[in-house]
Amino acid sequence: MLLLYGFVLLAGIASAIEPGQNAGLAKSLGRPLLAGIISLIIGIATFAVVMLVTGQYGWPGMDRLAQVPWWAWYGGVLSAVLALAQLYVSKKVGAATFLGLLVTAGVVTSILLDNFGLVGFKVHEVSLWRILGGTMMIGGVALVARF
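Heads up: these notes are all about the structure in this document. (Residues numbered from 1 in each chain as written. Predicted model: local features only at pLDDT ≥ 70, side-chain atom pairs only at ≥ 80, totals over all residues. Heavy atoms only, no water.)

### Side note on helix α4 (residues 75-88)
With 14 residues, α4 extends 20 Å from end C-alpha to end C-alpha; this agrees with the ideal 20 Å at 1.5 Å per step. Buried-residue contacts for α4 involve α1 (2-29), α2 (32-54), α5 (90-93) and α6 (95-116). (Helix = DSSP H or I, 4+ residues; strand = E, 2+ residues; numbered from the N terminus. Expected span 1.5 Å × (residues − 1). Contact = heavy atoms within 4.5 Å.)

### Considering the side chain of T104
As for its placement among the helices and strands, T104 is situated in helix α6. With sequence-adjacent residues up to four places away left out, T104 is seen in contact with M137, I138 and V141.

### Notes on a nonpolar patch on the surface
Together, W70, W71, W73, Y74, V77, L78, V81, L112, F116, L118, V119 and F121 make up a nonpolar patch on the protein surface, roughly 1,300 Å² of accessible area in all. At the level of elements, α4 and α6 are the ones that each hand at least two residues to the nonpolar patch. When residues of the nonpolar patch are assigned to their parent elements, the largest contribution, 3 residues, is made by α4. The residue W71 is located in the loop between α3 (62-66) and α4 in this model. (Patch = residues over 30% accessible without salt bridge, like charges linked within 9 Å, V, L, I, M, F, W, Y side chains within 5 Å. Areas by Shrake-Rupley, 256 points an atom, 1.4 Å probe, with all protein chains shown as cover. Salt bridge = Lys/Arg side-chain N within 4 Å of Asp/Glu carboxyl O.)

Dropping the structure here:
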């Protein structure tokens, strides 16, 4: 479990660095949407290499594809929304405010997803402590954005 937490922490570090990288690429190219496409292509190439290295390549059968819930196909749209926010917003609001808003919105949304068991998550009912934690995050990001 410790290894998994470490991997998530590395992903968190990456999420703080990536918006600046993507916004820097957009500024250098003078074409933010092209920068987004390049970033996503590099991401796809990274996935392809990991698939080859781990031997997890190939398409599942039609029976498996037919079992995919309708909402699961749209994760790429949300990835594009995230990339667009990085390209157009991150440099304007700053790294701390951008990531604070991103993480806080994610945690508050996750509390709701857990409570109702949406998009495949097991039900983890909302509690006073979860609401308090989300509220404190909102207050914290407000302080970061203000000062």
